[in-house]
Amino acid sequence: MLTTSPYLRIRRPSPTAAEFTVSTLPPPTVPLRLSLYAIYLSQGLLSGLILLFLYATWAQSPYGPSPPPPPAPSSSATLSIQQRLLHAVLASPVGVLLATRATAALVVLPPRLAVPACLAALYALTRRLHVEESLLVLRGLGIQTSSSKDSLLAGRATTRFIPTEKILDVVINEAFRGFEVRYYLVVVVEGEPDVVVVFPRLLPRADVVERVWRGVRECLYERKVARLDGKAV
Amino acid sequence: MHPFSVLTLAIFVAGYITARWDLVTRLYELALFAWDNGVISRIALGCAFWSVTFLFLFIPVRHIALSEAELPRGVENALKTGILLRNARNPVARIFELCGQASMHVLGLTNATLGTLFDPSWVQAITHPAKSLPRVTCTKASSIQTILFDRPNPRRMQYISLNPIALSLSDKNQTSYGGSPEPEVEDEKQEQKNKRNANHLVEKIKQHSVIRHLPSSKDKALAKIVNQINWAWELEHLLQKNVSLIGPRPKRTLSVSERVVEHATTMRDTAVLWVWDMIIIYVFPVVRRAFIITLLAHRLIAEALLLVLEWRLRPTSPALKDISATAQQVEIRLLQFCYWPMQYVKLRLRKNDWDSVTTSHPDYIRFYNSLWLVANDVIIGIALGTYIIENAEWAADMINMLLDKYTITALQSSISWLMGWPAGLKLNSELALFLGDLFLWVIDYWSSCAQTLEPLLPQIIWFIGFSSFAGASMPIALLSDLLSALTLHIYSFYLASARIFHWQLTILLSLFQLFRGKKYNVLRNRVDSCDYDLDQLLVGTILFTLLFFLLPTVIVFYLNFALALGGIRFELRDTHNRHNFNSTSISSSSSFSLSPTSLIHLKVMQGAAVYRYRSVANMMQPVPLEFSAMFHQYFQMGNRLRKHYLSPGVLFCLVTGRFVPPIHRKNLYSLQYSMLPGRRAGIMEIWEALNSLPAKKPMGLHPYALATNAPMLNGRRQMNGRATRGLR
């Protein structure tokens with residue numbers, strides 16, 4: 001329900017620019033939005049809880065800090081905001097509950113198992129739900145491919161801008177992947193040993209790739225492309 | 001007014017008129033007289049004439065004068081005549097050469113009121129404090145693409161480029177390095193072959209494009225546009241400085257009192273400037289000459305040392321720097337030292353040009369990067385050195401104990417284990433006894449040598465610690481050399497046993513051919529059948545059997561030493577790598593985390609979702625360097641190591657007892673050499689380059705060194721608001 005098979009969206013803000021986006025995020029509706037917000041919220045909460053659990057584990061381990069002195073009003077002034085916030089969180093019912101949970105859990109599960117499990121959970125929680133890849137064509141300037149990153153922490157997307165002068169050709173290529181044939185769009189860049197694959201993670205279906213190819217040609221070189229009947233134009 | 005006072009005033013006026021009635025009648029008579037003689041009509045005529053003149057002459061003239069003075073026309077005229085580019089610090093022609101335009105033009109106005117646009121092709125941009133994107137319109141254009149960018153500040157060495165910075169010197173000739181014909185390394189050959197194959201494929205893919213699109217002038221302009229963006233900051237400052245020259249108003253000279261005030265306020269600056277000028281004129285050349293002479297003396301010493309390090313007995317034999325890690329380290333430092341003056345000269349020449357010329361930025365980064373690297377190395381080295389010097393005794397004890405334990409006692413015990421039928425293997429006891437005794441005797445001799453060295457070890461460690469004031473990589477290199485010197489016996493054992501094993505294997509192979517009645521033909525490089533006599537066959541077979549039965553004993557000894565050597569060598573290699581990583585991780589962190597040298601690609605980000613007009617607004621953003629690209633050279637080094645040691649060739653060498661070639665140091669250290677030129681500059685070259693540097697000019701000669709200080713606020717003239725409006 002949250003993801004669909006990759007589909008194409010074309011946006012043409014002006015006659016000289018076009019953006020082709022392939023994504024697995026379905027068109028936004030109200031229930032979808034609500035559920036997505038709920039998921040993000042729960043992700044944030046869960047990762048916060050896991051981080052707190054990790055902190056509690058560290059604090060109770062022999063490597064942890066020496067037990068803090070009783071919070072006197074004079075000492076609280078010297079603490080930084082983060083430390084005060086952390087103290088406040090740890091003193092709250094949630095923090096106390098977590099600390100007791102942590103002691104209880106650590107009795108059952110030794111920390112050398114619990115910590116990798118927590119890290120794995122954090123890794124899973126920071127992964128992006130959807131993949132979105134796009135190709136932006138600006139006539140007279142160039143092409144920009146962008147592909148969303150796996151992790152939420154790594155930033156939004158990796159992009160690559162290719163000036164028009166450097167573009168030798170934009171072609172559709174085919175390749176075997178396992179037991180299937182995949183068609184993919186490729187930009188041949190002058191003076192580079194590797195070609196640039198557009199939509200490298202999703203590798204959409206042949207008809208989508210063909211539409212994008214047609215659109216890119218039309219936008220970049222200002223001319224219509226004849227039908228693709230088995231052979232190139 | 002109070003009604004009571006009004007009443008009082010009225011009573012007073014009425015009383016006055018009745019008292020002076022004759023004055024009123026006189027006035028009335030005068031009016032009648034003037035009307036009769038036509039005075040009134042003449043006055044009316046004059047009034048009418050003046051108002052018509054005012055309407056038809058003065059108002060248009062004033063209007064024209066106003067428009068000339070403040071509107072963009074004035075700016076355009078000023079740009080055409082070059083008034084706005086006056087007082088430039090560097091030649092103005094350079095701007096036009098790099099930006100690809102013959103002159104500057106007014107493209108449009110920002111936030112102009114309607115009706116001030118003279119030219120329909122002018123662009124009008126309207127910014128709004130609430131919106132992040134400006135609204136851009138143009139009456140002539142059918143569609144508009146807007147790309148926003150943060151103006152790069154050349155003073156902070158920010159610039160936009162289409163390609164990432166390449167910090168390694170690309171024009172370097174790999175093979176001519178070191179000045180003598182070095183034997184080509186196998187790995188390098190392989191890499192070059194791969195590169196050739198890739199180039200071949202690239203050529204092929206070029207032939208596959210069906211329709212070749214000739215790039216239009218728009219496409220070709222991108223590089224120039226990028227240059228123009230890079231120039232924007234500096235040009236803006238230059239224009240702002242000359243804004244007061246726009247328009248017909250003559251600049252009023254300062255009055256006497258203003259002059260007095262100005263002199264009084266700038267008195268201290270003038271005095272300081274005068275002292276500074278005297279220093280520059282009289283003291284500076286002496287200091288400079290002395291510095292150049294010391295630099296050249298250092299260079300001479302470096303040249304002599306480098307000659308020693310690179311000296312080879314024969315063209316094919318290894319030089320000192322190939323054998324010892326310390327020599328290599330010294331060589332790298334000396335080469336860096338030889339390169340610094342040249343780099344500095346290059347950077348000084350950069351000062352004579354505009355800041356926006358971006359071609360020399362990689363040099364800047366390379367220069368300060370290597371300085372920073374050496375400084376860090378020295379800082380870490382001082383910490384490490386003091387620690388080592390303080391604990392020299394303990395470290396010497398530890399090293400002695402470890403060496404004794406692993407290179408002598410462990411070896412002795414393993415040899416005696418091999419001598420007494422190890423693991424139930426029934427070896428030839430006579431041969432085992434002979435080999436074992438031989439090796440044990442050499443080990444005994446070596447251990448006595450090591451014992452004479454033992455009291456000297458604290459001094460050596462102290463020396464190593466002391467050497468670390470020349471950088472942390474120096475003690476590590478020295479330690480590595482010391483370790484390889486102290487384990488020399490294992491290396492020689494390995495060589496001896498490998499040689500014996502290899503001989504035996506080759507003899508066995510040829511005897512096996514004889515056993516089969518065949519023979520290896522050297523001339524044809526193949527195996528031919530051969531008719532042996534009976535006695536030949538008999539002796540051959542007996543020898544074959546003998547050698548075959550002796551083989552396991554030799555194999556066992558060979559394996560023992562190969563494994564021991566492997567352990568030691570890997571340990572050495574490990575220290576090497578760590579050392580390499582240690583010094584170069586600093587280099588990468590320094591070259592990429594410094595804010596003025598951040599790398600900027602062109603990245604276009606869509607901002608049009610926010611923006612609902614017909615034009616597209618795109619935001620240009622810097623692309624951070626990928627993590628893998630940052631550590632590309634480490635990956636390359638790792639790959640080379642892996643390729644060299646985990647290859648079937650090495651395994652084959654090990655199995656047949658041939659000598660395993662160690663990886664060439666040049667491959668391992670290519671990371672550090674990549675920042676250095678292939679050929680070091682000669683002494684005369686450095687002398688000439690240093691002398692060619694322009695002498696520092698006294699500040700007083702600069703016409704506007706002062707002008708920038710006093711009357712300008714932030715480099716732009718605040719009071720002239722009219723003219724700035726047109727420019728922004």
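From a predicted model like this one, the values you see are computed outputs, not experimental measurements. All chains use their own residue numbering, which begins from 1 and follows the written sequence. Whichever chain is written first becomes A and whichever ligand is written first becomes 1, with later ones labelled in order. Where totals are concerned, whole chains, interfaces and linings use all residues; where local detail is concerned, this predicted model gives features only for residues with pLDDT of at least 70, and gives and counts side-chain atom pairs only at 80 or more. In computing side-chain values, all of the structure's heavy atoms are included and hydrogens and water are not.

**A few points about the overall build of chain B**
Consideration 1: Under the DSSP-based scheme used, a helix requires at least four consecutive residues in state H or I and a strand at least two consecutive residues in state E, with every element numbered from the N terminus. When helices and strands are tallied, chain B shows 26 helices and 8 strands.
Consideration 2: When checking whether two residues touch, look at their non-hydrogen atoms; a contact exists if any pair is within 4.5 Å. Summarising the internal contacts of chain B: among those between residues at least 6 apart in sequence, 74% fall at separations of at least 24.
Consideration 3: The protein chains shown are the only cover counted for residues, whose accessible areas, like all others here, come from Shrake-Rupley with a 1.4 Å probe. Accessible surface, chain B as shown: approximately 45,500 Å² in total, 67% of it carbon and sulfur.

**Comments concerning the overall build of chain A**
Consideration 1: Each helix and strand counted, chain A has 6 helices and 8 strands in total.
Consideration 2: The linear arrangement of helices and strands in chain A, starting from the amino end, is β-β-α-α-α-α-α-β-β-β-β-β-β-α.
Consideration 3: Relative accessibility decides the category of a residue: with a 1.4 Å probe and only protein chains considered, values under 20% of the type maximum give buried, values over 50% give exposed, and everything between is partly exposed. When each of the 233 residues of chain A is scored for burial, the buried share is 36%.
Consideration 4: Considering only contacts within chain A whose residues lie at least 6 apart along the sequence, 51% involve residues at least 24 apart.
Consideration 5: Counting only carbon and sulfur atoms, one obtains 65% of the accessible surface of chain A, whose full area is about 14,000 Å².

**So, the side chain of Gln329 of chain B**
Consideration 1: When you line up the elements, Gln329 of chain B lands in helix α12 (residues 325–351).
Consideration 2: A distance of 3.3 Å separates a polar atom in the side chain of Gln329 of chain B from a polar atom in the side chain of Ser473 of chain B. We define a polar contact as two N or O atoms separated by no more than 3.5 Å, with the added condition that, inside protein, one atom must be a possible hydrogen donor and the other a possible acceptor, whereas residues neighbouring each other in sequence contribute only through side-chain atom pairs.

**Considerations on the sheet that holds strand β5 (residues 157–163) of chain A**
The strands that make up a sheet pair up through hydrogen bonds in the backbone, lying either parallel or antiparallel.
All names here are of chain A.
Consideration 1: When DSSP finds at least two bridges between two strands, those strands are taken to pair. Reading across from one edge, β1-β2-β3-β4-β5 is the order of the 5 strands in this open sheet, with antiparallel pairing throughout. In this open sheet, the two edge strands, each paired with only one partner strand, are β1 (7–14) and β5. With direction set aside, neighbouring strand axes in the sheet form an average angle of 15°.
Consideration 2: Relative to β5, strand β4 (residues 142–148) runs antiparallel, the two being bridged by 7 bridges. Bridge pairing in β5 links Ser147 to Thr158. Axis lines are fitted to C-alpha atoms, over the contacting stretch for helices. Their N-to-C directions set the angle, which ranges from 0 to 180 degrees.

**Side note on the environment of Arg33 of chain A**
Residues and elements named next belong to chain A.
Consideration 1: Mapped onto the fold, Arg33 is located in helix α1 (residues 30–60).
Consideration 2: Using a relative accessible area of 45% as the deciding quantity, one classes Arg33 as partly exposed.
Consideration 3: Taking the C-alpha atoms as reference points, Arg33 and Leu2, 31 residues apart in sequence, are found 9.7 Å from one another.

**With respect to the confidence of the model for chain B**
Residues and elements named next belong to chain B.
Consideration 1: Residues at a pLDDT of 70 or more form 78% of chain B, whose mean pLDDT is 74.
Consideration 2: Think of pLDDT as the predictor's per-residue confidence, scored from 0 to 100. Mean pLDDT per element in chain B: strand β7 (residues 604–606) is the minimum at 34, and helix α1 (residues 3–19) is the maximum at 88.
Consideration 3: Across residues 571–616, where pLDDT falls below 50, the model places 127 contacts with residues more than four positions away in sequence or in other chains.
Consideration 4: Across the whole predicted complex the pTM is 0.63, and at the interface the ipTM reaches 0.70.

**Thoughts on the pattern of salt bridges**
Residues and elements named next belong to chain A.
Consideration 1: Counted as salt bridges are all cases of a side-chain nitrogen of Lys or Arg within 4 Å of a carboxyl oxygen of Asp or Glu. If you walk through the whole model with that rule in mind, you get 14 salt bridges over all chains.
Consideration 2: With a closest N to O distance of 3.3 Å, Glu132 and Arg9 form a salt bridge. Linking Glu132 in strand β3 (residues 132–138) with Arg9 in strand β1, this pair joins segments that are 123 residues apart in sequence.
Consideration 3: You can call Glu132 partly exposed: its relative accessible area is 35%.
Consideration 4: Residue classification places Arg9 among the partly exposed positions, given a relative accessible area of 38%.
Consideration 5: Of the charged contacts, one joins Arg182 and Glu180 as a salt bridge, the two residues approaching to 3.6 Å between their closest N and O atoms.
Consideration 6: Here Arg182 falls in the partly exposed class, since its relative accessible area comes to 22%.
Consideration 7: According to the relative accessible area criterion, Glu180 is partly exposed, its value standing at 36%.
Consideration 8: Taken together, the shared-partner salt bridges connect Arg127, Asp150 and Arg201 into one network.

**A few points about the confidence of the model for chain A**
Close inspection of predicted coordinates is inappropriate for parts of the model with low pLDDT.
Consideration 1: Averaged over every residue, the pLDDT of chain A is 81; residues scoring 70 or more account for 88%.
Consideration 2: By mean pLDDT, helix α2 (residues 73–78) of chain A is the weakest element of chain A at 51, and strand β8 (residues 196–197) of chain A is the strongest at 91.

**Observations concerning the sheet that holds strand β7 (residues 180–189) of chain A**
Residue and element names in this part refer to chain A.
Consideration 1: The 3 strands lie next to each other as β6-β7-β8, forming an open sheet whose pairing is antiparallel. At either margin of the open sheet sits one strand with a lone partner, and together these are β6 (167–177) and β8.
Consideration 2: Against the sheet, helix α6 (residues 206–221) touches β6 and β7, its axis set at about 175° to β6.

**Quick word on the UniProt feature "transmembrane region" (unreviewed entry) in chain B**
All names here are of chain B.
Consideration 1: UniProt positions are given in the numbering used here, feature names are shortened, and annotations may be inferred rather than shown by experiment. The UniProt record marks residues 43–61, 371–389, 431–448, 460–479, 491–515 and 542–568 with the feature "transmembrane region" (unreviewed entry), using the residue numbering of this structure.
Consideration 2: For residues 431–448, the end-to-end C-alpha separation is 26 Å, with 100% helix and 0% strand making up the annotated structure.
Consideration 3: Summarising residues 460–479: 75% helix, 0% strand, and an end-to-end C-alpha distance of 10 Å.

**Side note on the packing of aromatic side chains**
Residue and element names in this part refer to chain B.
Consideration 1: In this scheme Phe, Tyr and Trp rings, the latter by its six-membered ring, pair at centre separations within 6.5 Å, and the angle between planes marks the pair as stacked below 30 degrees, edge-to-face above 60, and tilted otherwise. A complete count under the given rule lists 18 aromatic pairs over all chains for this structure.
Consideration 2: Between Phe466 and Phe469, the aromatic rings sit 5.7 Å apart at their centres with planes inclined by 70°, giving edge-to-face as the arrangement.
Consideration 3: The class for Phe466 is partly exposed, based on a relative accessible area of 45%.
Consideration 4: Here Phe469 falls in the partly exposed class, since its relative accessible area comes to 34%.
Consideration 5: Measuring from ring centre to ring centre gives 6.0 Å for Phe544 and Phe548, while their planes differ by 25°; the resulting arrangement is stacked. Taken together, the residues span about one helical turn, with Phe544 and Phe548 both in helix α19 (residues 534–593) at a distance of 4 residues.
Consideration 6: Classification of Phe544 by relative accessible area gives buried; the value is 14%.
Consideration 7: A connected cluster of aromatic rings, assembled from ring pairs, spans Phe512, Phe515, Phe544, Phe548 and Phe549.

**Re the packing of helix α14 (residues 392–419) of chain B against helix α16 (residues 457–467) of chain B**
Two quantities define a packed helix pair, namely the angle between the helix axes and the distance between the axes.
Residue and element names in this part refer to chain B.
Consideration 1: In contact at an axis separation of 8 Å, α14 and α16 are set at 115° when each is read in the N-to-C sense. For the pair α14 and α16, the crossing hand works out as right-handed. Contacts between α14 and α16 pair Ala392, Glu393, Ala395, Ala396, Ile399 and Asn400 from the former with Leu457, Pro458, Ile461 and Trp462 from the latter.
Consideration 2: Amino acids are sorted into nonpolar (Ala, Val, Leu, Ile, Met, Phe, Trp, Tyr, Cys and Pro), charged (Asp, Glu, Lys and Arg) and polar (every other residue, Gly among them). Split into classes, the residues belonging to the contact of α14 with α16 amount to 8 nonpolar, 1 polar and 1 charged. Working rule for handedness: look at the near helix, and if it is turned counterclockwise from the far one by less than a right angle, call the crossing left-handed; if clockwise, right-handed.

**Description of the side chain of Ser467 of chain B**
Consideration 1: If you trace the backbone, Ser467 of chain B turns up in helix α16.
Consideration 2: Excluding its chain neighbours within four sequence positions, the residues that come into contact with Ser467 of chain B are Met474, Pro475 and Leu478 of chain B.

**Observations concerning unusual backbone geometry**
Consideration 1: In this model, Leu203 of chain A sits at a positive phi of 45°, which is unusual for a non-glycine residue.
Consideration 2: The topology assignment puts Leu203 of chain A in the loop between β8 and α6.
Consideration 3: Positive phi outside glycine occurs at Asn525 of chain B, with the angle close to 60°.
Consideration 4: Along the chain, Asn525 of chain B turns up in the loop between β5 (518–521) and β6 (526–529).

**A look at the nonpolar core**
Consideration 1: If you look at the biggest cluster of nonpolar residues, it comprises 29 residues, and the most contacted ones within it are Leu411, Ile415, Phe439, Tyr494, Phe557 and Phe561 of chain B.
Consideration 2: Secondary-structure elements contributing two or more residues to this core are α14, α15 (429–453), α18 (488–515) and α19 of chain B.
Consideration 3: Tallying contributions element by element places α19 of chain B first for this core, with 11 residues.
Consideration 4: Apart from the residues lying within four places of it in its own chain, the contact partners of Phe561 of chain B are Leu411, Ile415, Phe439, Phe493, Tyr494 and Ser497 of chain B.
Consideration 5: We call a set of buried residues a nonpolar core when its members are Ala, Val, Leu, Ile, Met, Phe, Trp, Tyr or Cys and they connect through side-chain atoms within 4.5 Å of each other. Formed by 26 residues, the second largest nonpolar core is a distinct cluster that contains Ala18, Leu135, Ile143 and Leu202 of chain A.

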